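Fold and geometry: a report
This is what each chain is made of:
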Amino acid sequence: MDQAVQVGIIMGSQSDWDTLRHTAETLEALEIGHETRVVSAHRTPDRMFEYAEQAAERGLKVIIAGAGGAAHLPGMVASKTELPVIGVPVQSRTLNGVDSLLSIVQMPGGVPVGTMAIGKAGAINAALWTAAMLGSFDPAIQARYRAWRRAQTERVLADDRPGQS
Ligand code: RP5
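Owing to the predicted nature of the structure, the values given are computational and were not obtained by experimental measurement.

1. Observations concerning the overall build of the chain
Secondary structure summary: the chain contains six helices and five strands in total. From first element to last, N terminus to C terminus, the chain shows the α and β order β-α-β-α-β-α-β-α-β-α-α. Relative to the compact-globule value of 15 Å for 165 residues, the chain shows a C-alpha radius of gyration of 16 Å, a close match. Its C-alpha atoms put the chain at 50 × 40 × 30 Å along the principal axes. Buried positions account for 39% of the 165 residues belonging to the chain. Across the chain, contacts joining residues at least 24 apart in sequence account for 68% of those joining residues at least 6 apart.

Below is the structure:
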């Protein structure tokens with residue numbers, strides 16, 4: 001069954017894919033339609049503005065934007081769309097992602113970005129937070145999200161001996 005694309009996953013560089021692929025994989029597990037694009041705030045600013053300006057009319061409901069270092073992509077996209085924007089700070093090589101986190105989280109009042117944790121955890125949680133939000137309006141997504149969380153709990157309960165699995 002074709003899924004309507006509801007979520008745009010964008011990232012500042014090809015090198016961010018190793019982090020943002022966890023967002024895509026989690027959305028796939030939840031059967032939430034999404035697209036992935038490299039859109040750089042600094043190297044392709046015109047593409048960034050075009051993407052942000054057209055996202056809502058193309059039917060997207062949420063934009064997840066990952067970037068590292070001077071991570072301006074989530075904030076700049078948020079400045080050009082009323083869609084909810086979630087920022088994923090990529091773990092940078094030089095400053096371990098603290099630079100990315102601070103660049104994304106410290107938005108001025110009036111232009112919100114929902115900021116996740118640095119790296120893989122943030123990438124997964126961006127997808128789960130999206131499922132929680134879309135699930136408020138879509139019972140099928142909410143049921144899949146509930147099942148995903150339940151399966152996680154069962155996995156942890158089933159394996160309480162560290163170092164065995
Ligand atoms: C940012 O610069 C990207 O989001 C990436 O995390 C970082 C480094 O990019 P590359 O030099 O690896 O292309 O814009």
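2. Observations regarding the site of the ligand
Every residue near the ligand is listed here: Gly 12, Ser 13, Ser 15, Asp 16, Ser 40, His 42, Ala 67, Gly 68, Gly 69 and Val 90. When the residues that make up the shell around the ligand are grouped by side-chain class, the tally is two nonpolar, seven polar and one charged.

3. Regarding the nonpolar core
Within the largest apolar cluster, 40 residues are counted, with the highest numbers of intra-cluster contacts made by Ile 63, Ile 64, Leu 73 and Val 77. When residues no more than four places from it in sequence are discounted, the contact partners of Val 77 are Met 48, Ala 52, Ile 63, Ala 65 and Val 85.

4. Re the UniProt feature "binding site: substrate" (unreviewed entry) in the chain
In the UniProt entry, the feature "binding site: substrate" (unreviewed entry) is given for Ser 13, Asp 16 and Arg 43. A maximum C-alpha distance of 14.2 Å is found for the annotated residues, which run over 31 residues; spatially they form one tight group. Following the sequence through the fold, Ser 13 ends up in the loop between strand E1 (7–11) and helix H1 (17–29). With 17 C-beta atoms counted inside 10 Å, the residue Ser 13 sits in the partly exposed group. The contacts of Ser 13, once residues within four sequence positions are left out, are Val 38 and Ser 40. Mapped onto the elements, Asp 16 comes out in the loop between E1 and H1. For Asp 16, the contacting residues outside a window of four places in its chain are Met 11, Gly 66, Ala 67, Gly 68 and Val 90.

5. Some thoughts on the pairing of strand E3 (residues 62–67)
With six of six residues buried, E3 is to be regarded as a mostly interior element. Here E3 shows a buried face lined by Val 62, Ile 64 and Gly 66 and a second buried face lined by Ile 63, Ala 65 and Ala 67. Pairing geometry for E1 and E3, over five bridges, is parallel. Of the residues in E3, the one forming a bridge with Ile 9 is Ile 64.

6. Quick notes on the confidence of the model for the chain
Confidence in the prediction of the chain, expressed as mean pLDDT, is 97, and 98% of residues score 70 or more. Per-element confidence in the chain is highest for strand E4 (residues 85–89), whose mean pLDDT is 99, and lowest for helix H6 (residues 139–158), whose mean pLDDT is 97. As a predicted assembly, this complex carries a pTM of 0.96 together with an ipTM value of 0.97.

7. Points about the sheet that holds E4
The five strands lie next to each other as E2-E1-E3-E4-E5, forming an open sheet whose pairing is parallel. Each edge of the sheet is formed by a strand with only one pairing partner; in this case those strands are strand E2 (34–38) and strand E5 (114–115). In the sheet, E4 pairs with E5 via two bridges, with the strands oriented parallel. Bridge pairing in E5 links Gly 87 to Thr 115. Packing against the sheet, H1 makes contact with E1, E2, E3 and E4, and its axis sits at approximately 170° to E1.

Analysis parameters
Residues numbered from 1 in each chain as written. Predicted model: local features only at pLDDT ≥ 70, side-chain atom pairs only at ≥ 80, totals over all residues. Helix = DSSP H or I, 4+ residues; strand = E, 2+ residues; numbered from the N terminus. Rg over C-alpha atoms; globule rule 2.2 N^0.38 Å. Buried ≥ 20, exposed ≤ 12 C-beta atoms within 10 Å, placed from the backbone. Contact = placed C-beta atoms within 7 Å. Near = placed C-beta within 6 Å. Nonpolar A, V, L, I, M, F, W, Y, C, P; charged D, E, K, R; others polar. Core = buried A, V, L, I, M, F, W, Y, C linked by C-beta atoms within 7 Å. UniProt positions renumbered as here; feature names shortened; annotations may be inferred. Pairing = 2+ DSSP bridges. pLDDT = per-residue confidence, 0-100. Axes fitted to C-alpha atoms, helices over the stretch in contact; angles between N-to-C directions.

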